[in-house]
Structures are given as structure tokens and as C-alpha cells.
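Letter by letter, the chains look like this.
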Amino acid sequence: MIKNNVETTIEGNKVIYKRYFDVSTELLFEVWSMPEHLGEWWGPDGFTLTTKHMDFTNGGIWEFIMHGPDGHDYKNKIQFTDIKKPYHILYTHLGDGEGDQDVHFESKIIFEEVGEGTNLTMEQIFPSKDELERLNEKYGAIEGAKQHIGNLAKYLEKLKSYPPR
């Protein structure tokens, strides 16, 4: 696992991102599961996030808006399919929640304790290789996901610099 960098592998219709973080699995899981944390780092560079509703349970729905640096708002809807704290979060991205499923894929977020830190593996599984290629061309999906993980790393560094309460 690479520290301070994202290792990316493409296997057919699946993209796998791996990175080591020098934080506990509990903290890493927490920043993936609480709206107050997610609003600080979720998304590619330049994006901000507004959570409309989040039910972080198996079968629960998270509705949010990603505000792009171009001023465009992107509605999103996710359904959590399997949550096992602090080991993994599985979800299905259901498009914008209003019938537009232009972006539809499954994600597996896996947290693996390694000494004092955590290996993070994020898998995105698309319906087909063609769909992955379409979304990557239209939205820059792979680079966006790398930036997403990079923004997570920046946020964790900020958290580590605050004194404990």
C-alpha cells in the first residue's frame, strides 16, 4: 500500500484505488460515515457538499448535492447496502435520485488495520467496461476519485493537527 499516494488499478468494469493512512480504522471509518466530516472533504478538487438527508444504516439513503467549481449543482443519491463498522461500507450510487441514473455504480470502501494506520481500498464497480469508459470521458471519473481520496488525506491531516478534546 502506498503512503501519500493513490495506487490505481483498472480491471475491466472495476477501478480499484488503494492508499495507506496514518490514522486508526475507527477515525477513517468515522470520516466516511458522518455528514459533518463528509462536508469537509467529499468530492474532487474544487467541489463542496451539502447533505440533504443521510440515513447511515444498511438500506439507508444519503441524498446530497455536490457544488462544482463551475457553479453547477450535481444531485446525488446513494443507498448503503452493507455497513460493518469499522471494516467496510458498501453502497450503490443511484444517480440524482430524481430518475436520472446517468451515473450508476457500486462502491466498496474497505478499511484494513495495519499497525497504527489503515489501508483504504475503494472499489468502484460499473455495469460494464463501456460504461466506465463513458463516465470517465464525460466526468473524469478516475481522476476525480483520485482527487477525492487526496482531499480525504488533506482533511485527515487537518484533524490530526487539532489538539484532542
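- As annotated in an unreviewed UniProt entry, the chain is ATPase from Leptospira andrefontaineae.
- Entered under Sequence similarities (unreviewed entry) in the UniProt record, the comment concerning the chain runs "Belongs to the AHA1 family."

## Side note on the packing of helix α3 (residues 129–139) against helix α4 (residues 141–161)
The relative placement of two packed helices comes down to the angle between their axes together with the axis-to-axis distance.
Here is step 1 of the chain: Contact geometry of α3 with α4 gives a least axis separation of 6 Å together with a crossing angle of 70°. Between α3 and α4, the interaxial angle falls into the category roughly perpendicular. Residues Leu-132, Leu-135, Asn-136 and Tyr-139 of α3 form the contact with α4, whose own contacting residues are Ala-141, Ile-142 and Glu-143.
Here is step 2 of the chain: Class assignment of the residues belonging to the contact of α3 with α4 gives a composition of five nonpolar, one polar and one charged.

## Looking at the environment of Val-15
Here is step 1 of the chain: Checked against the element boundaries, Val-15 lands in strand β2 (residues 14–21).
Here is step 2 of the chain: When the C-alpha positions of Val-15 and Leu-132 are compared, they lie 8.6 Å apart, and in sequence the two are 117 residues distant.
Here is step 3 of the chain: With sequence-adjacent residues up to four places away left out, Val-15 is seen in contact with Thr-8, Thr-9, Ile-10, Met-122, Glu-123, Gln-124, Phe-126, Leu-132 and Ile-142.

## Considering the nonpolar core
General note: in soluble globular proteins, nonpolar side chains tend to be found buried as a group.
Here is step 1 of the chain: Residues Phe-21, Leu-28, Trp-32, Trp-42, Trp-62, Ile-89 and Leu-152 are the most contacted members of the largest nonpolar core, which totals 37 residues.
Here is step 2 of the chain: Among the elements that make up this core, the one with the highest residue count is α4 (seven residues).
Here is step 3 of the chain: If sequence neighbours within four positions are ignored, Leu-152 has contacts with Phe-21, Leu-28, Val-31, Trp-32, Trp-41 and Leu-120.

## Considerations on the pairing of β2
A regular strand places its side chains so that they alternate between the two faces of the sheet.
Here is step 1 of the chain: The element β2 is largely enclosed, with a buried count of six among its eight residues.
Here is step 2 of the chain: Bridge count for strand β1 (residues 7–11) against β2 is five bridges, and the pairing is antiparallel. Bridging from a neighbouring strand, Glu-7 pairs with Lys-18 of β2.
Here is step 3 of the chain: In this antiparallel pair of consecutive strands, β1 and β2, the connection spans two residues, and Gly-12 shows a positive phi of 65°.
Here is step 4 of the chain: Where β2 lies against strand β8 (residues 117–125), eight bridges are found, and the strand directions are antiparallel. Each bridged residue has a counterpart across the sheet, and for Lys-14 the counterpart in β8 is Ile-125.

## Regarding α4
Here is step 1 of the chain: For α4, built from 21 residues, the straight-helix expectation of 30 Å at 1.5 Å per residue is met to within 8% by its first-to-last C-alpha distance of 30 Å.
Here is step 2 of the chain: At its buried positions, α4 is contacted by β1, β2, α1 (25–33), α2 (35–41), β8 and α3.

The rules behind each value
Residues numbered from 1 in each chain as written. Predicted model: local features only at pLDDT ≥ 70, side-chain atom pairs only at ≥ 80, totals over all residues. Heavy atoms only, no water. UniProt positions renumbered as here; feature names shortened; annotations may be inferred. Axes fitted to C-alpha atoms, helices over the stretch in contact; angles between N-to-C directions. Helix = DSSP H or I, 4+ residues; strand = E, 2+ residues; numbered from the N terminus. Parallel < 35°, antiparallel > 145°, perpendicular 65-115°, else oblique. Contact = heavy atoms within 4.5 Å. Nonpolar A, V, L, I, M, F, W, Y, C, P; charged D, E, K, R; others polar. Core = buried A, V, L, I, M, F, W, Y, C linked by side-chain atoms within 4.5 Å. Buried < 20%, exposed > 50% of the residue type's maximum accessible area, 1.4 Å probe, protein only. Pairing = 2+ DSSP bridges. Expected span 1.5 Å × (residues − 1).

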